[in-house]
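Chain residues, written in single-letter form:
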Amino acid sequence: MTFGIEAASYYVPSLYLEIRDLAEKRGIEPAKLEKGLGLHKMGFPDVHEDAATFAAEALLKLVTDYNLNPKEISRIYLGTESALDAAKPTASYAVQMVEKLLEAEFGDRCFKNCDVVDMTFACIGAVDALHNSLDFVRVNPDKKAVVIASDYAKYELASSGEYTQGGGAVAVLISSKPDLMEIENNWGIATESVFDFFKPRRYFKKENLTNAPENFPEKIEVFTDEPVFDGQYSNQCYQDRIREAYNHYKEITGKNKPSETWKYLIFHLPYAFHGKRVFTEIYSMENGLSYKTPEEQKSVAKSEDYTQFINNKIEKSQRASSEIGNMYTASIFMALLSALQTSFNENEELAGQEIGFFGYGSGSKSKVFAGKISENWKNVAAKWDLFEGLKNRTAIDFETYEKLHRRQLENSVNKNYKGFGLHSVELENQVLKGARYYVYQG
């Protein structure tokens, strides 16, 4: 019996900012971002959107596109680092939205007997959810699970991470009928506690805050979406962890150079060209090339052999990232969809081909694993129309972008939006203060 991904869907916010516009406003040469990092557009949430609405959209699309019965789904595990609450899981909001919309067809609370939870480890949280859910269906082969990766990558304005922002969600159905991809049960893992990127609570003294209520504590903790990060250090941690996890994968499988036989290499992509940049070390190691000095590293990266390797195994997975930006937990899943959609559009047959995955989460952890494309993969991919969907978004100007970023707008920018949206947040009722209420518009 085989296990893996039976179906997949995605959601990308309807607004985007041209990276060239951002570069010009920030005094950055556009070619540095476009040609250097592979960035072209930044997907951006509208006023009413957040990680819960992203997840709900992807889940609803999965159910409707593949005619799923929600009552046959035993668990919905959400990987995210954009949680809306420190106790109530973001997945519970998403499930509530979708089951309310499906009520007419499937009855009240169609996910009533479904296990729902969030999993968080920076950008690898949804890979953890995938790993966990695969273990679940292997033990319970008659059951199905849904893994959702949903995030909004937000950085401070004018920071060095600003141009890598993005967001969206991918949902995958896990079962013993892996029509898209069978996933083997071999996981190379590497973990080390570091502070390359994290989202701490910031502390402020009550006396320094204007009009702070009397009942507030003397030291006030504030959480923001924007992380504390060291870009160069994080890149090094990423490179170190995937090398360690890849070596672990080779140890447990006995495979010498698995990357040579993998059709595609799928990475977590903080920016489109990140995968091809960090893989040079492993490529050098496997091909007996010296990689000790910066000059040697540049030589490997610019070599004809490595360029051909990238064009064959990584380039197709980058294309969606160039149009969306960093999706945090969802970026590795979107890279998979990007590669498969491109092959589908080019009428390329992938059945039986193996694909390697390099997941990474800051803090830090990597997981390396592999999957084999199934005979029915084209029937699954036929539902996506990924790149056509990306063409149908709405461009925003730089002024609108900054207002959205600062949360200065009250009304949605996209007046034709149809889908889930935040309706209100309770501010008065003390036993419901902060409760979030969503509606479906359209």
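Residues numbered from 1 in each chain as written. Predicted model: local features only at pLDDT ≥ 70, side-chain atom pairs only at ≥ 80, totals over all residues. Heavy atoms only, no water.

Novice: Can you walk me through the pattern of salt bridges in this structure?
Specialist: Once the charged atoms of two side chains with opposite charge are near each other, the side chains can pair. Scanning all chains against the criterion turns up 33 salt bridges. A salt bridge links D50 to R436; its shortest N-O distance comes to 2.8 Å. With a gap of 386 residues between them, D50 in the loop between β3 (41–44) and α3 (51–65) and R436 in strand β19 (residues 436–441) connect regions that are remote in the sequence. Comparing D50 with R436, the two get one shared label, buried. Between K100 and E103 there is a salt bridge, with its nearest N and O atoms 3.9 Å apart. Of the residues examined, K100 reaches a relative accessible area of 57% and is grouped as exposed. Here the salt bridges do not stand alone but share partners, grouping E18, K41, E323 and R393 into one network. (Salt bridge = Lys/Arg side-chain N within 4 Å of Asp/Glu carboxyl O. Helix = DSSP H or I, 4+ residues; strand = E, 2+ residues; numbered from the N terminus. Buried < 20%, exposed > 50% of the residue type's maximum accessible area, 1.4 Å probe, protein only.)

Novice: For this particular structure, what's the right way to read the packing of aromatic side chains?
Specialist: Each aromatic ring pair is described using two quantities: the centre-to-centre distance and the angle formed by the ring planes. Going through the model one piece at a time under the given rule, you end up with 26 aromatic pairs. With a centroid separation of 5.6 Å and an interplanar angle of 75 degrees, the aromatic rings of F279 and F358 are classed as edge-to-face. Here F279 is found in the loop between α9 (274–278) and α10 (280–286), whereas its partner F358 is found in strand β15 (residues 354–361), with 79 residues between them in sequence. In terms of burial, F279 and F358 fall into one category: buried. Relative to F369, the ring of F357 has its centre 4.7 Å away and its plane inclined at 5 degrees; by these criteria the two rings are stacked. Taken together, the positions of F357 in strand β15 and F369 in strand β16 (residues 365–373) put the pair twelve residues apart, joining distant regions of the chain. The structure contains a cluster of three or more aromatic residues connected by ring pairs, namely Y246, Y249, W262, F267, F279, Y283, Y306, F309 and F358. The ring of Y10 carries the charged tip of K61 above its face, separated from the ring centre by 5.2 Å. A cation over a ring is seen here: K88 above Y93, with NZ or CZ 4.8 Å from the ring centre. (Phe/Tyr/Trp six-rings, centres within 6.5 Å; stacked < 30°, edge-to-face > 60°. Lys NZ or Arg CZ within 6 Å of the ring centre and 35° of its normal.)

Novice: I'm lost on the sheet that holds β3 in this one. Help?
Specialist: Strands pair in a sheet through their backbones, by hydrogen bonds, and they do so in one of two ways: parallel or antiparallel. Ordered by their spatial adjacency, three strands build an open sheet running β3-β2-β17, and the pairing between neighbours is mixed. Edge positions in the sheet fall to β3 and β17 (394–395), since each of these pairs with one other strand and no more. Pairing analysis gives four bridges linking strand β2 (residues 15–18) to β3, with the strands arranged antiparallel. Looking at β3, one finds that E18 is bridged to K41. With respect to the sheet, helix α17 (residues 398–405) is in contact with β2 and β3, its orientation differing from that of β3 by roughly 40 degrees. (Pairing = 2+ DSSP bridges. Contact = heavy atoms within 4.5 Å. Axes fitted to C-alpha atoms, helices over the stretch in contact; angles between N-to-C directions.)

Novice: Got a minute to help me understand the nonpolar core in this structure?
Specialist: The tendency in soluble globular proteins is for nonpolar side chains to be buried side by side. With 130 residues, the main nonpolar core has F267, M334, F358 and W384 as its most contacted residues. Here this core gets nine residues from one element, more than from any other, and that element is α3. Apart from the residues lying within four places of it in its own chain, the contact partners of W384 are A8, Y10, Y66, L180, L337, L340 and Q341. A153, Y155, F197 and Y328 belong to the second largest nonpolar core, which has five residues in total. (Core = buried A, V, L, I, M, F, W, Y, C linked by side-chain atoms within 4.5 Å.)

Novice: What is the right way to look at unusual backbone geometry in this model?
Specialist: Note: most residues except glycine have negative phi, and most peptide bonds are trans. For the bond from G363 to S364, the omega torsion is 5 degrees, close enough to zero to count as cis. By the element assignment, S364 lies in the loop between β15 and β16. Here the phi dihedral of R109 falls at roughly 50 degrees; this positive angle occurs in a residue that is not glycine. The exposure class assigned to R109 is partly exposed, which follows from its relative accessible area of 45%. Positioned with a positive phi, R407 is a non-glycine residue whose angle comes to about 60 degrees. Relative to the helices and strands, R407 resides in the loop between α17 and β18 (419–425). On the accessibility criterion, R407 (58% relative accessible area) is exposed.

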